[in-house]
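# Observations on the model geometry
For reference, the chains in residue letters:
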Amino acid sequence: MPRKITYIEAVNEGLAEEMRRDPTVIYYGQNMAMTEKDPFLKEFGRSRVRITPVSETAQIGMAIGAAIAGLRPVVDLWMTDFVLVAMDQLLNEAPRMRFVTGGQVKVPVVFKMGYGFVAGWSVTHSNCWYNLFNLAQGSKLVIPSTPYDAKGLIKTAIRDDNPVFYLTPWNIIMLTGEVPDEEYTIPFGVADIKREGDDVTVVAIGWMVHRALAAAERLAKEGISIEVIDPRTLVPLDKKTILNSVKKTGRLIIVDQAQKTGSVTGEIAAMIAEEGFDYLKAPIKRVCALDTSIAYSKPLEEYIIPNEDKIIATVKEIVKK
Amino acid sequence: MSQEYEKLVYPTREKMIWMYEIMVRIREFDEFVKRSFEEYPGMIRGHTHPSDGEEAIVAGALAAINPDDYVGGTYRCHGITIGRGVPMKLVLAELWGKKTGICKGKGGSMHLCDMSRNLLPACAIVAQGIPHATGVALACQIKRTGQIVLCFFGDGATKQGAFFESLNIASLWKLPIVYILENNLYQAYTRVELEDANTAAGENLSVKARAFSMPGVTVDGMDPIAVYRAVYDAAKRAREGKGPTLIECVCYRFSAHGNAIVAPPMPTWFPKHEAIEVYANPREYEEWRKKDPITRFKAFLINIGALTEDQAKSIEESAKREVEEAVKFALESPFPAPEEALEDIYA
């Protein structure tokens, strides 16, 4: 019997299941498990569930060490913005460890963090820094957009033998969705076609999957058929599903909450330009956050972030061609 | 054995001979590494940091722990690697970028590692290996393995956030780790009093331990017995679940920080120590050379009757032979196939 649960409940269910299954999984972070009432603490105890001080470099670096020595740490880092103080550990250490030692070590760590909090958090707490994580060969990058995907993917992330950036969009953590009772995992590198269509392929990431689906619903009423693809994992990227879709539609729009310049959308666009240029009937378009900082005031913030209207306008721009 | 020996030291004679051998082997290896910039130009690429002068710390510290304990270090890692028992030939092959190197030629001098000996990946970014070693100690604690971790780093690292963050957590959680601060008085090219508030105030660096409510001691890092005793006590404490210790080993490197940093096609070389080249203070360098840890330890061992001149000579010759064999091995070893650059990225 499928149940309806929230995105955040799905993440926690997946994590708890893995902690039950594998005693080497540990879970720590700031401002968590503070009292004995905490469900993780109650079930798994203080040895495996720990509060850390505000020390991202140590939190991340220690997870690397603990992983090398045989544990599977899940580190809750709250926001991608907070890990900027510890970039050496995230980019130069964790993903490089296996390579630099000639394959002597495994680093099975999950760096769990929210991103892109669009609710008046202003410039320092609303960013989508995963374009940085996309650069670090040796690690993987996961962004689930539904409770179902969130649960299946965190289980796969914990079982993976490499560092995994597991990113949750803050704006949809209270979203509910169906999750089956029985156990399941979702493999990395398999995109999900969230809606099938023929006229335009829209690749959307995280929260933007929902805005793309809403836009597709409105466009369907006007006779325009949109295929919405959620890559789910950006590293590894399921190129095949995107290429096949573009082969069918001939048109590609990439929707992302991150700023356009230097973003992962550029990589997806470049991939299609390199490997699927002949399929294209119109230029590739990107609907991203505007190239500015995320502002505090509501009208400013709304203006910056992609929305249904912007997606619809972009679709109409290229379906004419 | 003399009466003096009975009173003074803890290691067995066998252990002390082992320590002496380690020190001589490190010295011979790094003397060759420096010569190799002239004898085999172009073979060592990038930046290389010899451990000569600091051998007593490696020998004393490693003698005080078990073979299955973990050891983590920095880019100045030739000493702990040889001390941990990695054959010189695998180290030199790595320094020369050969396929037979301990890390298949992917890491070079700054990133040595041998997990079969629980020698953790050396971390070449200042202080960033401290959290790694601390995390290994967390794993030892959670898995209740009874192992401890020795974490080596330099004086420069104690100005990094990674040092403060890690030592705070290690003390808070009583992790089984011993922090070995090799204070060689220079952070790369900068003298320690130019960047350290404790030194500038006339205090030891070990006072930093106070900030984490953990024991901090300062020992003569040119004396392997002094290092051994401090690490022995700290290791015991760590194993008993009482938490970490910070041990400052005051020492002096006999080489410059590393080979000269030049851009191709200019060949690199090994410069003189910063005391001479930067601070025009050759006297400081000469004074420290008089405290050579190997000369001192040898005299001590002979004095107490633990070692003869002949034995000492044989240890030296054996180390020289090992270097020669390593050179032959590394020269004959192939370079990796270029495509190996795409291996070992993911597990």
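Let me begin by describing the structure that accompanies this report. (Residues numbered from 1 in each chain as written. Chains lettered and ligands numbered in written order. Predicted model: local features only at pLDDT ≥ 70, side-chain atom pairs only at ≥ 80, totals over all residues. Heavy atoms only, no water.)

### Observations concerning the overall build of chain A
Summing up its helical and strand segments, chain A has twelve helices and 14 strands in all. By the compact-globule yardstick of 20 Å for 321 residues, chain A fits well, its C-alpha radius of gyration being 20 Å. Taking the principal axes of the C-alpha coordinates as reference, chain A spans close to 60 × 45 × 40 Å. Restricting to contacts in chain A with at least 6 residues of sequence separation, those with at least 24 account for 79%. Here chain A displays about 12,300 Å² of accessible surface, and carbon together with sulfur accounts for 54% of that area. (Helix = DSSP H or I, 4+ residues; strand = E, 2+ residues; numbered from the N terminus. Rg over C-alpha atoms; globule rule 2.2 N^0.38 Å. Contact = heavy atoms within 4.5 Å. Areas by Shrake-Rupley, 256 points an atom, 1.4 Å probe, with all protein chains shown as cover.)

### Thoughts on helix 10 (residues 264-275) of chain A
Across its twelve residues, helix 10 of chain A extends 17 Å between first and last C-alpha, which sits within 8% of the 16 Å expected from 1.5 Å per residue. Looking at the packing, one finds that the buried side of helix 10 of chain A touches helix 6 (130-133), strand 10 (200-204), strand 12 (233-235), helix 9 (239-249), strand 13 (252-259) and strand 14 (285-289) of chain A. (Expected span 1.5 Å × (residues − 1).)

### Focus on the interface of chain B and chain A
With 38 residues of chain B at the interface, the matching set in chain A holds 41 residues. Contact between chain B and chain A buries roughly 3,200 Å² in total, counting both sides, with carbon and sulfur atoms accounting for 67%. Counting across the interface, chain B meets chain A through zero salt bridges. Linking chain B with chain A are 16 residue pairs in polar contact (both at pLDDT 80 or more). Of all the elements in the fold, those that place two or more residues in the side of chain B that touches chain A are helix 6 (129-143) and helix 7 (161-172) of chain B. In terms of residue count, the dominant contributor to the side of chain B that touches chain A is helix 6 of chain B (ten residues). (Buried area = accessible area lost by both parts, 1.4 Å probe. Salt bridge = Lys/Arg side-chain N within 4 Å of Asp/Glu carboxyl O. Polar contact = N/O pair within 3.5 Å; in protein donor to acceptor, adjacent residues only side chain to side chain.)

### Comments concerning the pattern of salt bridges
Residues and elements named next belong to chain A. Summed over all chains, the structure comprises 51 salt bridges over all chains. In this structure, aspartate 76 and lysine 112 form a salt bridge, with 2.8 Å as the shortest nitrogen-oxygen distance. Pair noted here: aspartate 76 is in strand 4 (residues 72-79) and lysine 112 is in strand 5 (residues 110-115), with a separation of 36 residues, a long-range link. The exposure class assigned to lysine 112 is buried, which follows from its relative accessible area of 7%. Put simply, Arg3, Glu13, Glu17, Glu18, Arg21, Lys151, Lys155, Arg159, Asp181 and Glu183 are held in one network by salt bridges that share partners. (Buried < 20%, exposed > 50% of the residue type's maximum accessible area, 1.4 Å probe, protein only.)

### Description of the packing of helix 3 (residues 56-68) of chain A against helix 6 of chain B
Where helix 3 of chain A contacts helix 6 of chain B, the two axes come as close as 6 Å, and the packing angle between them is 60 degrees. The pairing of helix 3 of chain A with helix 6 of chain B is recorded here as oblique in orientation. Between helix 3 of chain A and helix 6 of chain B the crossing geometry is right-handed. Residue-level inspection shows Thr57, Ala58, Gly61, Met62, Ile64, Gly65 and Ala66 of chain A of helix 3 of chain A in contact with helix 6 of chain B, the latter providing Pro131, His132, Thr134, Gly135, Val136, Leu138 and Ala139 of chain B. Looking at the contact of helix 3 of chain A with helix 6 of chain B residue by residue, the class counts come to eight nonpolar, six polar and no charged. (Axes fitted to C-alpha atoms, helices over the stretch in contact; angles between N-to-C directions. Parallel < 35°, antiparallel > 145°, perpendicular 65-115°, else oblique. Left-handed = near helix turned anticlockwise from the far one by under 90°. Nonpolar A, V, L, I, M, F, W, Y, C, P; charged D, E, K, R; others polar.)

### Some details on the packing of aromatic side chains
Here the structure, examined in full by the defined rule, presents 26 aromatic pairs over all chains. With centroids separated by 5.1 Å and ring planes inclined at 90 degrees, the aromatic side chains of phenylalanine 163 of chain B and phenylalanine 164 of chain B adopt a geometry described as edge-to-face. Owing to a relative accessible area of 0%, phenylalanine 163 of chain B belongs among the buried residues under this scheme. Grouped by ring-pair contacts, the aromatic residues Phe153, Phe163, Phe164, Tyr179 and Phe212 of chain B constitute a single cluster. We note arginine 50 of chain A situated over the ring of tryptophan 173 of chain B; from NZ or CZ to the ring centre the distance is 4.6 Å. In this arrangement the basic side chain of lysine 98 of chain B is found over the ring face of phenylalanine 335 of chain B, its NZ or CZ atom lying 4.8 Å from the centre. (Phe/Tyr/Trp six-rings, centres within 6.5 Å; stacked < 30°, edge-to-face > 60°. Lys NZ or Arg CZ within 6 Å of the ring centre and 35° of its normal.)

### Observations regarding the sheet that holds strand 5 of chain A
Residue and element names in this part refer to chain A. One open sheet accounts for seven strands, arranged 3-2-4-5-7-6-12; its pairing is mixed. Two strands close off the open sheet at either side, each with one partner strand: strand 3 (49-51) and strand 12. The sheet shows a mean angle of 20 degrees between the axes of neighbouring strands, direction not considered. With two bridges joining them, strand 6 (residues 140-142) and strand 12 adopt antiparallel strand pairing. For valine 142, the partnering residue across the bridge sits in strand 12 and is threonine 233. Along the sheet, helix 7 (residues 147-159) contacts strand 2 (25-29), strand 4, strand 5, strand 6, strand 7 (164-169) and strand 12; its crossing angle with strand 7, the most-contacted strand, is approximately 160 degrees. (Pairing = 2+ DSSP bridges.)

### Let's talk about the pairing of strand 11 (residues 226-230) of chain A
Residues and elements named next belong to chain A. Most of strand 11 is tucked away: five of the five residues are buried. The side-chain alternation of strand 11 yields two buried faces, one formed by Ile226, Val228 and Asp230 and the other by Glu227 and Ile229. Examined bridge by bridge, strand 9 (residues 192-195) and strand 11 share three bridges and lie antiparallel to one another. Counterpart to aspartate 192 in the pairing with strand 11 is aspartate 230. Sheet topology note: the strand 10/strand 11 ladder contains four bridges and is parallel. In the sheet register, threonine 201 faces strand 11, and the bridge partner there is glutamate 227. Considered for its hand, the β-α-β crossover made up of strand 10, helix 8 (residues 207-221) and strand 11 is right-handed. (Right-handed = clockwise from strand over helix to strand, strands pointing away.)

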